[in-house]
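Each chain, written out:
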Amino acid sequence: MEQEVPQCRFCEKPAEYQIGYAQFDSREIQEMVGYVSAECVEQAIENVMQHLFRTTAWATVHSLDGQLLYHSYDADKAGYSAVGGWKHMKEL
């Protein structure tokens, strides 16, 4: 039996990622915010970062099975914004 693909929280497309947040030193998702399609990841990162302003948590992107793909704290350490780091990672 085929598993149903979750829907993106920002559009009607099938989700390809989970967006969430974690502490700077954690590779585990602290809280999953929702599922997102590939074209909505940047919007989701911005949305999460706005809600995390003045906290010690950072936006994270995970595969649908929960594997960490991107941690915005790592982008910050490398001199990128949260969205800029995602774009840079996708170009590699």
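Scroll up a little and you will see the structure.
Heads up: these notes are all about the structure in this document.

Reading the values: rules and limits
Residues numbered from 1 in each chain as written. Predicted model: local features only at pLDDT ≥ 70, side-chain atom pairs only at ≥ 80, totals over all residues. Heavy atoms only, no water. Phe/Tyr/Trp six-rings, centres within 6.5 Å; stacked < 30°, edge-to-face > 60°. Helix = DSSP H or I, 4+ residues; strand = E, 2+ residues; numbered from the N terminus. Buried < 20%, exposed > 50% of the residue type's maximum accessible area, 1.4 Å probe, protein only. Core = buried A, V, L, I, M, F, W, Y, C linked by side-chain atoms within 4.5 Å. Contact = heavy atoms within 4.5 Å. Axes fitted to C-alpha atoms, helices over the stretch in contact; angles between N-to-C directions. Parallel < 35°, antiparallel > 145°, perpendicular 65-115°, else oblique. Left-handed = near helix turned anticlockwise from the far one by under 90°. Nonpolar A, V, L, I, M, F, W, Y, C, P; charged D, E, K, R; others polar. Pairing = 2+ DSSP bridges. Polar contact = N/O pair within 3.5 Å; in protein donor to acceptor, adjacent residues only side chain to side chain.

**Some details on the packing of aromatic side chains**
Aromatic ring pairs: the centre-centre distance and the angle between the two ring planes describe each pair. As enumerated under the stated definition, the model contains four aromatic pairs in all. For the pair Tyr17 and Trp86, a centre-to-centre distance of 5.5 Å together with 90 degrees between the ring planes defines the contact as edge-to-face. With Tyr17 in strand β1 (residues 17-23) and Trp86 in helix α3 (residues 82-91), the pair connects residues that are 69 residues apart, well separated along the chain. You'll find Tyr17 and Trp86 in the same group, each marked buried. Pairing Trp58 with Tyr73 gives two aromatic rings, centres 5.1 Å apart and planes at 70 degrees, and the pair type is edge-to-face. One end of the pair, Trp58, is in strand β3 (residues 57-63); the other, Tyr73, is in helix α2 (residues 72-77), with 15 residues separating them in the sequence. Note on Trp58: relative accessible area 19%, which makes it buried.

**Here's the deal with the nonpolar core**
Generally speaking, a soluble globular protein has its nonpolar side chains buried in company with each other. With 19 residues, the main nonpolar core has Ile19, Val36, Val41, Ile45, Val61 and Trp86 as its most contacted residues. Looking at this core, the elements with two or more residues in it are β1, α1 (41-52), β3 and α3. Of the residues forming this core, the biggest block, five residues, is contributed by α1. Those residues in contact with Ile19, other than ones at most four positions away along the chain, are Met32, Val33, Gly34, Val36, Ala44, Ile45, Val48, Thr60 and Val61.

**Some remarks on the packing of α1 against α3**
In contact at an axis separation of 9 Å, α1 and α3 are set at 150 degrees when each is read in the N-to-C sense. Overall, the two elements α1 and α3 adopt an arrangement that is roughly antiparallel. Like other packed secondary-structure pairs, α1 and α3 cross with a definite hand, here right-handed. Across the interface between the two elements, Val41, Glu42, Ile45, Glu46 and Met49 of α1 pack against Ala82, Val83, Trp86 and Lys87 of α3. Class assignment for the residues of the contact of α1 with α3 results in six nonpolar, no polar and three charged.

**So, the sheet that holds β3**
Within the open sheet, the four strands sit side by side as β2-β1-β3-β4. Their pairing is antiparallel. Either end of the sheet is taken by a strand with one partner, and the two such strands are β2 (31-36) and β4 (68-71). Neighbour-to-neighbour, the strand axes of this sheet turn through a mean angle of 30 degrees, independent of strand direction. The sheet contact formed by β3 and β4 spans three bridges and is antiparallel.

**Points about the side chain of His71**
Turning to its location among the elements, His71 is positioned in strand β4. You can call His71 buried: its relative accessible area is 2%. Side-chain polar atoms of His71 contact the backbone oxygen of Gln23, separated by 3.1 Å. In this view, His71 contacts Ala22, Gln23, Phe24, Ser26, Arg27, Trp58, Ala59 and Thr60; residues no more than four positions away in its chain are not counted.

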